[in-house]
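Residues per chain, in single letters:
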Amino acid sequence: MQLVLVRTVTGLEHLAAEELAVAGHRVVEVSKRQVIVEASPEVVERPPLVADDLFEVYGVAPDPGRTRAGLTAALSEAVRSAPIARGAFAVSASFQGPRNFGRYDVEDLVGERIARLTGGRYHSRRYGVAPPEERSDWRVVLDGKTLWVSRRPYAVPLHRRTWRRQTVRGSLHPPVAAAMARLAGLAPGHEVLDPFCGAGTLLLEARALEPRARYAGVDRDPAALEAARANGPEGVKWRRGDARRVDDPVDRILTNPSGTTA
Ligand SMILES: C[S@@+](CC[C@H](N)C(=O)[O-])C[C@H]1O[C@@H](n2cnc3c(N)ncnc32)[C@H](O)[C@@H]1O
């Protein structure tokens, strides 16, 4: 079992926790924008769709509170080992509550420690220099209770989907679309329609969640349909049309029709 830190959009924490629990992982803690899980190794290959990002935990200590001395001591306690990786890496930190240090102080302390343990090349974000494209990303969270030190097992954040080539105005953040699809209670054989499909985010996330349903997307804008087809060339029937004239018999309508229909 691996301790995993899952980050979410605010409000989707419990939905992500439910998705992880249904997949057989043990949810340890749910807090603001975060779910901690004892996960089996498959979580990396089959991560939750509702999650924004996922990190493997390499260090845990009680949140040291305000002082920099406390932070330094907590980090020595938390991070005793890390996998050898000589490439470049960056650190991103966040914390809650008042502190006598800034986020770059946390990042640099963690970065220097990890560099010593792994032989990796730490790139500080303190002076605004972009880290190299080829790198691994560490994430540090001080949530008021616990200090978490973790590393993303992927090159890019989870919410950056490989299927997404194009967007339209109003395109949804994929984990939010995945959350809507979960709430729709899709089942095998369902006919699912998005009559304002835009670039297709909802149906493509829904299909990842329930591949045995049937999906149709309608939009009146040819540019939107082109985007949808580029994003999902197979598995969804995209067509041009006016939502006001669509009367397909369906089991579920999954849509975000913001914008004018006039
Ligand atoms: C907010 S966007 C949908 C975004 C989409 N969920 C996504 O993530 O890409 C709304 C879409 O509704 C389409 N639309 C607006 N009025 C329409 C109508 N009467 N019939 C069909 N499509 C319409 C627009 O062209 C636009 O692509």
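Anything mentioned here points back to the structure above.
What counts as what
Residues numbered from 1 in each chain as written. Predicted model: local features only at pLDDT ≥ 70, side-chain atom pairs only at ≥ 80, totals over all residues. Heavy atoms only, no water. Phe/Tyr/Trp six-rings, centres within 6.5 Å; stacked < 30°, edge-to-face > 60°. Helix = DSSP H or I, 4+ residues; strand = E, 2+ residues; numbered from the N terminus. Buried < 20%, exposed > 50% of the residue type's maximum accessible area, 1.4 Å probe, protein only. Polar contact = N/O pair within 3.5 Å; in protein donor to acceptor, adjacent residues only side chain to side chain. Contact = heavy atoms within 4.5 Å. Pairing = 2+ DSSP bridges. Axes fitted to C-alpha atoms, helices over the stretch in contact; angles between N-to-C directions. Arc of directions from axis to C-beta. Near = heavy atom within 4 Å. Areas by Shrake-Rupley, 256 points an atom, 1.4 Å probe, with all protein chains shown as cover. Nonpolar A, V, L, I, M, F, W, Y, C, P; charged D, E, K, R; others polar.

(A) Broad picture of the packing of aromatic side chains. Under the defined criterion, the tally for this structure stands at 3 aromatic pairs. Where Tyr-58 meets Trp-138, the ring centres are 5.5 Å apart and the plane angle is 50°; that geometry is what we call tilted. Residue Tyr-58 is located in strand β4 (residues 53–62), and its partner Trp-138 is located in strand β7 (residues 136–142); the two are separated by 80 residues in the primary sequence. Under the relative-accessibility criterion, Trp-138 is labelled buried at 3%.

(B) View of the side chain of Glu-107. Relative to the helices and strands, Glu-107 resides in helix α4 (residues 103–118). In this structure the side chain of Glu-107 is engaged in a polar contact, spanning 2.9 Å, whose partner is the backbone nitrogen of Ala-93. Not counting the four nearest positions on each side in its chain, Glu-107 is found in contact with Val-91, Ser-92, Ala-93, Tyr-122 and Arg-125.

(C) Representation of the sheet that holds strand β8 (residues 146–151) within the structure. Read across the sheet, 8 strands follow the order β2-β3-β1-β4-β8-β7-β5-β6 without closing on themselves; strand pairing throughout is mixed. Each edge of the open sheet carries a strand with a single partner, namely β2 (26–31) and β6 (121–123). Here the strands of the sheet are splayed against their neighbours by 30° on average, with no regard to which way each runs. Against the sheet, helix α3 (residues 68–78) makes contact with β4, β7 and β8, and its axis sits at roughly 110° relative to β4, the strand it touches most.

(D) Spatial organisation of α3. Within α3, the full set of buried residues consists of Leu-71, Ala-74, Leu-75 and Ala-78. Seen along its axis, α3 keeps its buried residues to an arc of 100°; they face one direction. Elements in contact with the buried residues of α3: β4, α4, β7 and β8.

(E) Local environment of the site of the ligand. The ligand sits among 23 residues. The nearest are Ser-171, Thr-201, Asp-219, Ala-243 and Asn-256. Residue Arg-220 places a main-chain N or O atom 3.2 Å away from a nitrogen atom belonging to the ligand. Starting from 610 Å² of accessible surface for the ligand in isolation, the protein chains cover 94%. Residue composition of the shell around the ligand, by class: 8 nonpolar, 10 polar and 5 charged.

Coordinates in, geometry out; function isn't part of it.
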